[in-house]
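# Observations on the model geometry
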Amino acid sequence: MFLTQAKLRFKSVSTAVVGAGRSGRAAAELLRAVGSEVEVLDDMAGPGRRPIETRAIERARYVILSPGVPRNRPELRSALAEGRLLGEVDLAAAFLPVPMVGVTGTNGKSTTTALIGAILEGAGRRPWVGGNLGPPVSSLALRFVAEDDPEIGLAVLELSSFQLESISEARFEVGVWLNLSQDHVERYPNMETYGRAKRRLLELRRSSGTGILNAEDAYIVSMSKGLQGKLRWFSGRTWRGIGTGFIEGSLIRRMGEEVERFPLHRFPLPGRHNIENAAAAVESVRTLGVSAPLAQRGLEDFLGLPHRLETIPSRDGRRWINDSKATNVDAALTALKSFDGRLTLILGGRSKGASYEPLIERAEASEVQRIYALGEAGPEIVAAFAGRVEVELVPDLARAVAAAAKAASEGSTVLLSPACSSFDQYPNFEARGDDFRRLVRDLS
């Protein structure tokens, strides 16, 4: 009945999918599968698509917005005002007969989403993991529409602010908000606007749903005021007697009078930020009913994700770390705090407009021997660090790896944590990280 109603809603109606990226293409495929008349609109020319124009938006019964396209475009005004605009996640959720878990935050959401999914998988809960991480949600919805018996128990979704700002109908069983720091200044005029987009995940819970929030993040604590429903808290720095916190090498979780301990001495991911990610994941899976022993086993078995503080095997006597996912200053700062000892740092790409001062201060206070600055942001980074930390301008990643291989001392760490997006020289951070991995392996 659930799927039948969703199919009838979109069958034989005109729909405009705005944005022909991965999410937009998946949404178009889903709509065609249920009999919609689909028109794909995108600023970039290509087969089967037209430019984003007001006439095409106005004649569509529904407008499906990809996360990469800003909602404030003038062509979308009528669809917004008339309630015809849906985000890709909203569209997909209409076809999902399973509970949804949403994870958002400026940093750490991919790792936490994957960790929650891995623990649920080990517990036999048959999760599907995607959204901003991995396949678009519409690709899962298509499996239910095609009736191929997907055997999915629940959907665990990484959700960006771009996705959340266009969700109005989807409802989540669990909403996790990890942190909030400056990012996407090209799209949001201030932190409050950016934070409101993230806060939507907590507003979009089912009436019985649970919000899980970072007790150490001042922005989140402030913006949580007024949220209705059940809230739980986590911390990677202390334990406050509520929710899940950290003390003496273990996570401690309290629910009523019951207190559980999750030792982290076998948890393989480095850094204080990953303790926070683990705390959020434990609180999430226990809220979903996974037993404490299975949650513990999931923590110990999780090896992390590619491009997120990924160690690349090497025989040259140095430790090479691929953190290509660090596309903003705060993420790079978190990576820098994860390592002690002598370190060479590779920064650069396309700047997001944030100040490098926090990175400079951390580099000055630690054993950073040299910084290699590359890409469009290279000259800007050199100017920022000059006179405070040794910095060298290089044209690309290949030159940075070659220079670091010669200059970095044996036993030290070479960290790619760019603090910038990849779009000046690579299609995405994955391609940048893959190239870094290849370059390091070629050294051997």
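Note that this is a predicted model, so its numbers are computed, not measured.

Our next topic: unusual backbone geometry. Positive phi, normally seen in glycine, also occurs at Ser12, with a value near 60°. Along the chain, Ser12 turns up in the loop between helix H1 (2-10) and strand E1 (14-18). For Leu309, which is not glycine, the phi torsion reads 50° and is therefore positive. Within the fold, Leu309 resides in the loop between helix H12 (292-301) and strand E15 (310-312). Relative accessible area serves as the criterion here: at 11%, Leu309 is assigned to the buried category.

So, about the pairing of strand E8 (residues 154-158). The two faces of the sheet receive side chains in turn, since in a regular strand these alternate between them. With respect to burial, E8 is a largely interior element, 5 of its 5 residues being buried. Burial along E8 is two-sided: the residues Leu154, Val156 and Glu158 and Ala155 and Leu157 are all buried. When strand E6 (residues 100-104) meets E8, the two strands line up parallel, connected through 4 bridges. Across the sheet, residue Val101 finds its bridge partner in E8, namely Val156. Note: strand E7 (residues 127-131) against E8, 5 bridges, orientation parallel. Counterpart to Gly130 in the pairing with E8 is Leu157.

Let us now look at the environment of Thr244. Mapping Thr244 onto the fold places it in strand E12 (residues 243-247). Residues Thr244 and Gly122 lie 122 residues apart in sequence; the distance between their C-alpha atoms is 21 Å. Thr244 has contacts with Trp233, Phe234, Ser235, Trp239, Leu251, Ile252, Arg253, Ala279, Val282 and Glu283, leaving out every residue within four places of it along the chain. A polar side-chain atom of Thr244 sits 2.7 Å from a polar atom in the side chain of Glu283.

We now examine the pattern of salt bridges. Evaluation of the coordinates by the stated rule reveals 25 salt bridges. When the shortest N-O distance is used, the salt bridge between Glu283 and Arg232 registers 2.8 Å. Taken together, the positions of Glu283 in helix H11 (residues 272-287) and Arg232 in strand E11 (residues 230-234) put the pair 51 residues apart, joining distant regions of the chain. In this structure Glu283 comes out as buried when scored by relative accessible area, which is 0%. Note on Arg232: relative accessible area 10%, which makes it buried. Salt-bridge contacts for Arg286 lead to Glu260; the nearest nitrogen and oxygen are separated by 2.4 Å.

Quick look at the sheet that holds E1 now. One open sheet holds the 5 strands; their spatial order is E3-E2-E1-E4-E5, and the pairing between them is parallel. Looking along the sheet, the strands with just one partner apiece sit at the ends: strand E3 (49-50) and strand E5 (85-87). Examined bridge by bridge, strand E2 (residues 37-41) and E3 share 2 bridges and lie parallel to one another. From the neighbouring strand, Leu41 faces E3, where its bridge partner is Arg50.

Rules of the game
- Residues numbered from 1 in each chain as written.
- Predicted model: local features only at pLDDT ≥ 70, side-chain atom pairs only at ≥ 80, totals over all residues.
- Heavy atoms only, no water.
- Helix = DSSP H or I, 4+ residues; strand = E, 2+ residues; numbered from the N terminus.
- Buried < 20%, exposed > 50% of the residue type's maximum accessible area, 1.4 Å probe, protein only.
- Pairing = 2+ DSSP bridges.
- Contact = heavy atoms within 4.5 Å.
- Polar contact = N/O pair within 3.5 Å; in protein donor to acceptor, adjacent residues only side chain to side chain.
- Salt bridge = Lys/Arg side-chain N within 4 Å of Asp/Glu carboxyl O.

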